[in-house]
Amino acid sequence: MIDLPRHNAAFCKGCFNVYVHDQVSRAIKSERMFGKDDRILVAVSGGKDSLALWDILLKMGYKADALYVNLGIGGYSDVSHAKVVKFSETVASPHGAVLHVHTVEQEAGAGIKELAMLIHRPTCSTCGTIKRYQFNRVALEHKYDVMATGHNLDDEAARLLGNVLRWQEEYLDKQSPSLPASLDGFAKKVKPLFRLSERELAAYSVLNRIDYIVEECPMAKGARTLLYKEVLNRLETESPGTKQAFYCGFLDKQRKPEVSPTTMAEKDQAMLHPCSVCQQPTTAEVCSYCKMMARAKTHSV
Amino acid sequence: MQVQLSHPSRTIEIKGPKKAKDLFKELNLVVEAHLIIRGDELVTEDEMLYDQDQIEIRPVISGGT
């Protein structure tokens, strides 16, 4: 059994799998991500989200291959690489799916940590640049219709929180779960797991015996994203549904066509008129203050 | 009961019986960021845990950038 506080529900394994597939299906359709004939390239890391995504897409009947980028982070990359290969051989291959592998050390002559030191940039930022570049390159070279990543609700909500806290409005447009191939040289990018939380995806992986790397990437220690996730999870525990309301509310606002902004004064002028008792502005016949005082006088008599 | 924790990996002994949500409180852990696994099964917040149980509390949060 798994309990889902944000839906006020608990599911057995069978029903939980139906719920997960339904959430992914809704994401794919609502954002027009891809169809059954499209060739999809999934970015896999050996973690729960990307392996769960590959598993879900294959089980839903999509044509999904994968790319693993070996970043050369010592023993961590060795373990994650082995997990991806094992999943590919035991789960994906029977569906006819193919695993592509890119090894950073083979091309660059150094692992991600050494590269980041050479160019004086944070490791996570260097990693992101390399993964985005290689992912796009392989998608274009092998003519995939779309690239899919395992970003989940927690990832997107944390990123949104970070962008909003610093009012980085230029990044907000890129927070859509479906980014079109805006020009030649850019493949379409989608995030089919944006409706599912990290806890739900970890539960899906455990229940479906997906052998993923549980350890945190040693380079991610102290990353700001982890702090944002921690804060959001404390809010979520106190008020289930907060993360979904935050991110999906943002997407709803993005989808609405822009209308000319109404000022607060214009809104007030349209809705307010004088109270029939005291003449102060109110939306009702009698303002709430006059109603409250009238009730108090009635009870005191 | 034996409770296996991660980050860093360690095993601790906790006296049972107690509800899973009380174990979270005792260890000061946030439910939304963890799963409790007993054998091959997931444990819900309201389930009881007993002295003979072997429990894994698995963190679910990942990410850098």
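Above this text is the structure in question.
The rules we used
- Residues numbered from 1 in each chain as written.
- Chains lettered and ligands numbered in written order.
- Predicted model: local features only at pLDDT ≥ 70, side-chain atom pairs only at ≥ 80, totals over all residues.
- Helix = DSSP H or I, 4+ residues; strand = E, 2+ residues; numbered from the N terminus.
- Rg over C-alpha atoms; globule rule 2.2 N^0.38 Å.
- Buried ≥ 20, exposed ≤ 12 C-beta atoms within 10 Å, placed from the backbone.
- Pairing = 2+ DSSP bridges.
- Contact = placed C-beta atoms within 7 Å.
- Axes fitted to C-alpha atoms, helices over the stretch in contact; angles between N-to-C directions.
- Nonpolar A, V, L, I, M, F, W, Y, C, P; charged D, E, K, R; others polar.
- Parallel < 35°, antiparallel > 145°, perpendicular 65-115°, else oblique.
- Expected span 1.5 Å × (residues − 1).
- Arc of directions from axis to C-beta.
- Core = buried A, V, L, I, M, F, W, Y, C linked by C-beta atoms within 7 Å.

Undergrad: Please explain the overall build of chain A as it appears in this structure.
TA: Tallying secondary structure elements over chain A gives 13 helices and ten strands in all. The globule rule puts the C-alpha radius of gyration for 301 residues at 19 Å, and the 25 Å found for chain A is more than 25% above it. Principal-axis analysis of the C-alpha atoms gives chain A an extent of 85 × 45 × 40 Å. By the burial criterion, 35% of the 301 residues in chain A qualify as buried.

Undergrad: I would appreciate a short explanation of the sheet that holds strand β5 (residues 99-103) of chain A in the present structure.
TA: Strands pair in a sheet through their backbones, by hydrogen bonds, and they do so in one of two ways: parallel or antiparallel. Residues and elements named next belong to chain A. Read across the open sheet, the six strands follow the order β5-β4-β3-β6-β8-β7; overall the sheet is mixed. This sheet does not close on itself; its edge strands, each paired only once, are β5 and β7 (178-179). Across the sheet, helix α2 (residues 48-59) lies against β3 (39-44), β4 (63-70) and β6 (146-148), angled at about 155° from β3, the strand it touches most. Strands in contact with helix α3 (residues 74-92) are β3, β4 and β5; relative to β4, the strand with the most contacts, it is inclined by about 160°.

Undergrad: Where do I start with the interface of chain A and chain B in this structure?
TA: Accessible area lost when the parts come together is the quantity often used to give the size of an interface. Between chain A and chain B, the residue contacts involve 29 residues of the former and 18 residues of the latter. The set of elements that each furnish at least two residues to the side of chain A that touches chain B consists of β1 (2-4), α6 (123-141), α9 (198-207) and α10 (224-238) of chain A. Tallying contributions element by element places α10(A) first for the side of chain A that touches chain B, with seven residues. Among the residues forming the side of chain A that touches chain B, the class breakdown is 15 nonpolar, six polar and eight charged.

Undergrad: How do you make sense of the packing of helix α5 (residues 112-119) of chain A against α6(A) when you look at a structure like this?
TA: The description of two packed helices rests on the angle between their axes and on the distance between the axes. Residues and elements named next belong to chain A. In the contact formed by α5 and α6, the axes pass within 9 Å of each other and the chain directions differ by 110°. It follows from the interaxial angle that α5 and α6 lie roughly perpendicular. Along its contact with α5, which presents Ile112, Lys113, Leu115, Ala116 and Ile119, the element α6 presents Thr123, Thr126, Cys127 and Ile130. Taken together, the residues of the contact of α5 with α6 break down into six nonpolar, two polar and one charged.

Undergrad: Even after reading the chapter, I still don't get α10(A), so can you show me in this structure?
TA: Residues separated by three or four positions in an α-helix point in the same direction, a consequence of the helix having 3.6 residues per turn. Residue and element names in this part refer to chain A. Relative to the 21 Å expected for 15 residues at 1.5 Å per residue, α10 spans 22 Å between its end C-alpha atoms, a close match to the ideal helical length. Buried residues of α10: Thr225, Tyr228, Lys229, Leu232, Asn233 and Glu236, and no others. An end-on view of α10 places all buried positions within 135° of arc, on one side of the element. Residues of α10 that are exposed and point more than 90 degrees away from the buried face comprise Val231 and Glu238.

Undergrad: Hey, could you run me through the nonpolar core in this one?
TA: Looking at soluble globular proteins, one finds that nonpolar side chains tend to be buried together. Ile40(A), Leu41(A), Val42(A), Val44(A), Trp54(A), Leu57(A) and Leu67(A) are the most contacted members of the largest nonpolar core, which totals 73 residues. For this core, the element with the highest residue contribution is α2(A), accounting for seven residues.

Undergrad: Help me out: how do you make sense of unusual backbone geometry in this one?
TA: Keep in mind that most residues, glycine aside, have a negative phi and that most peptide bonds are trans. The amide bond that connects His7(B) to the next residue, Pro8(B), takes the cis arrangement and shows omega of 5°. Structurally, the position occupied by Pro8(B) is in the loop between β1 (2-5) and β2 (10-13). That bond from Gly16(B) to Pro17(B) is cis: its omega, -5°, falls within 30 degrees of zero. Secondary-structure assignment places Pro17(B) in the loop between β2 and β3 (18-19). Despite not being glycine, Asn8(A) shows a phi value in the positive range, around 50°. With respect to the element layout, Asn8(A) can be found in the loop between β1 and β2 (9-11). In the Ramachandran plot, Lys143(A) falls in the positive-phi region, its phi being about 55° despite a non-glycine side chain. Note on placement: Lys143(A) falls in the loop between α6 and β6. Residue classification places Lys143(A) among the exposed residues on the basis of 9 C-beta atoms within 10 Å.

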